[in-house]
Amino acid sequence: MRATYRTVGSLVRVAQGLNQLTVDMNADGDFAVLFGDYQQSVVGNRLACKYLIGAVCTTNVSESLQLRRYDQFGVPKGKASVVTSVSERNVEVGGLTDLTAGRIITGADVEMRADGSTVTAWSTQGRVGSIARGHLYTRAVGANDLPRLSREIGTSSNVLRGSVKLDSAADGSYALVHSTIGSTSPNGPSDCTVELDLLTADGTPLQPRTRVDATPNPFDCSPVPDVSMSAAGHHMVAFREAGGVRAQRYATGGMALAGLFNVTEPDVSRQGPVIASDAAGNFVIGYTLADGNFVLRLFEGP
């Protein structure tokens, strides 16, 4: 049977100059787009600042995350709302020093709920002098486009770029996963960690953050772990480690079901994983093999 596709409504043009872009759709066909607006200005001669002692250059960066909702035909519902905005200022003194202050957005995701409300999550990375700080935030926006207060739900030394992923249950509660690289001691090795947060519909943590997995080798770190949650709240986290894919299943409320299990053998996965679930809690995990083939594996629900 040949698949057919049709364009519903007109082409949706969201914005220009995007830095972050993610989209999600609910069962009614309404969808939300989360996009980043990035602006940069440079004062001074960059070439001189790199090679000429005493030359001064300043780079100013401003970035915002904006949210816009559409109906099933691509017609905008309300206006675009600003979820967050950050800025960074970098001062280069040629041949001497590089001073940076501020934050940039390093990852974002959005979930479109059945009632038309949305929840967003994003990470930032900032630096004051030589001190780097990572931050993780979440924010719910009602169906009436009224944003609730953003919540900082944790910090780490380095939230990996693009690693923030979330998914929600029918009651609006949601799971948020991300990867970090950091050291437990000042001079110790960098650990790669996959971490999971479980939150209520308004972003209140349901329990302390869960460490899904950690490895002492940062080169084994999964660039983008993924999470999926069933309508009842059962959820599964999948990530790549040592060239293979591993996963962990959780019950509603966050209790781990059994232990970590291998979806693949080591040294077979090149990209992924991605994960999705149905209302009953059945899961599918996809990943790309080293030979370029894409594989899907199905798992029955609880």
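Cut-offs used in this document
Residues numbered from 1 in each chain as written. Predicted model: local features only at pLDDT ≥ 70, side-chain atom pairs only at ≥ 80, totals over all residues. Heavy atoms only, no water. Helix = DSSP H or I, 4+ residues; strand = E, 2+ residues; numbered from the N terminus. Contact = heavy atoms within 4.5 Å. Areas by Shrake-Rupley, 256 points an atom, 1.4 Å probe, with all protein chains shown as cover. Core = buried A, V, L, I, M, F, W, Y, C linked by side-chain atoms within 4.5 Å. Buried < 20%, exposed > 50% of the residue type's maximum accessible area, 1.4 Å probe, protein only. pLDDT = per-residue confidence, 0-100. Salt bridge = Lys/Arg side-chain N within 4 Å of Asp/Glu carboxyl O. Patch = residues over 30% accessible without salt bridge, like charges linked within 9 Å, V, L, I, M, F, W, Y side chains within 5 Å. Lys, Arg positive; Asp, Glu negative; His and termini not counted. Pairing = 2+ DSSP bridges. Phe/Tyr/Trp six-rings, centres within 6.5 Å; stacked < 30°, edge-to-face > 60°.

Trainee: What is the right way to look at the overall build of the chain in this model?
Mentor: Helices and strands together make up the secondary structure of the chain, namely 1 helix and 19 strands. If you take every contact in the chain between residues at least 6 apart in sequence, the share linking residues at least 24 apart comes to 47%. Within the structure as shown, the chain displays about 15,300 Å² of accessible surface, and the carbon and sulfur contribution to it stands at 53%.

Trainee: Got a minute to help me understand the nonpolar core in this structure?
Mentor: Nonpolar side chains in soluble globular proteins tend to end up buried together. Counting 13 residues, the largest nonpolar core has L34, L65, L67, V83 and W122 as the members making the most contacts within it. Mapped onto this core, the elements with two or more residues apiece are strand 2 (31-43), strand 3 (56-70), strand 4 (76-93), strand 5 (97-112) and strand 7 (131-141). Considering every element that reaches this core, the biggest residue donor is strand 5, with 4 residues. Listed in part, the 12 residues of the second largest apolar core include L196, L198, V237 and F239.

Trainee: It is not clear to me how unusual backbone geometry should be interpreted in this structure. Could you clarify?
Mentor: Most of the time, phi is negative for any residue but glycine, and the peptide bond is trans. Notably, A258 is not glycine yet its phi reads approximately 60°, a positive angle. Within the element layout of this structure, A258 appears in strand 16 (residues 256-262). When its relative accessible area of 75% is taken as the criterion, A258 is described as exposed.

Trainee: Can you help me understand the confidence of the model for the chain in this one?
Mentor: The predicted coordinates of low-pLDDT regions are not to be read in fine detail. Averaged over all residues, the pLDDT of the chain equals 79, while 77% of them reach at least 70. Here residues 1-18 is modelled with pLDDT under 50, and outside its nearest four sequence neighbours on either side it reaches 18 contacts, counting other chains as well.

Trainee: Is there a simple way to think about the pattern of salt bridges in this case?
Mentor: It is possible for side chains bearing opposite charge to pair when their charged atoms get close. For the structure on display, the rule yields 3 salt bridges. Among the salt bridges present, the one from E195 reaches R209, with a minimum N-O distance of 3.7 Å. In this pair, E195 sits in strand 11 (residues 191-199) while R209 sits in the loop between strand 11 and strand 12 (210-215), placing the two residues 14 residues apart along the sequence. You can call R209 partly exposed: its relative accessible area is 26%. One network of salt bridges, with partners in common, ties together E195, D197 and R209.

Trainee: Would you explain a nonpolar patch on the surface in this entry?
Mentor: On the surface, V274, F294 and L296 cluster together into a nonpolar patch covering about 310 Å² of accessible area. One can find V274 in strand 17 (residues 269-277). We classify V274 as partly exposed; its relative accessible area is 45%.

Trainee: I tried to follow the side chain of D226 on my own but got confused; where do I start?
Mentor: In this structure, D226 sits in strand 13 (residues 226-229). K165 provides the closest opposite charge to the buried, unpaired D226, separated from it by 5.7 Å. Those residues in contact with D226, other than ones at most four positions away along the chain, are K165, V177, M236, V237, A238, P273, V274 and I275.

Trainee: Hey, could you run me through the pairing of strand 3 in this one?
Mentor: For strand 3, the buried fraction is high: 11 of the 15 residues fall into the buried class. Pairing analysis gives 14 bridges linking strand 3 to strand 4, with the strands arranged antiparallel. Its bridge partner lying in strand 4, T58 is registered against V91. Taking the residues that link successive antiparallel strands as the turn, the strand 3-strand 4 hairpin has 5 residues, and the phi of G74 there is positive, at about 85°.

Trainee: Explanation requested: the packing of aromatic side chains in the structure shown.
Mentor: Working definition: an aromatic ring pair is given by the centre-to-centre distance plus the angle between the planes. Enumeration over the complete set of coordinates arrives at 3 aromatic pairs. Aromatic pair W122 and Y137: ring centres 5.6 Å apart, planes at 15°, arrangement stacked. With W122 in strand 6 (residues 118-128) and Y137 in strand 7, the pair connects residues that are 15 residues apart, well separated along the chain. Comparing W122 with Y137 shows no difference in burial state: the two are buried.

Trainee: Would you explain the environment of A143 in this entry?
Mentor: Relative to the helices and strands, A143 resides in the loop between strand 7 and strand 8 (151-156). Every residue in contact with A143, bar those within four places of it in the chain, is listed here: R69, D115, G116 and S117.

Trainee: Even after reading the chapter, I still don't get the environment of P76, so can you show me in this structure?
Mentor: Relative to the elements of secondary structure, P76 occurs in strand 4. Spatially, the C-alpha atoms of P76 and D30 are 9.8 Å apart, while their sequence positions differ by 46 residues. Residues within four places of P76 in sequence aside, it is in contact with R68, R69 and Y70.

Trainee: I tried to follow the environment of P208 on my own but got confused; where do I start?
Mentor: Structurally, P208 is set in the loop between strand 11 and strand 12. By relative accessible area, which is 68% here, P208 ends up exposed.

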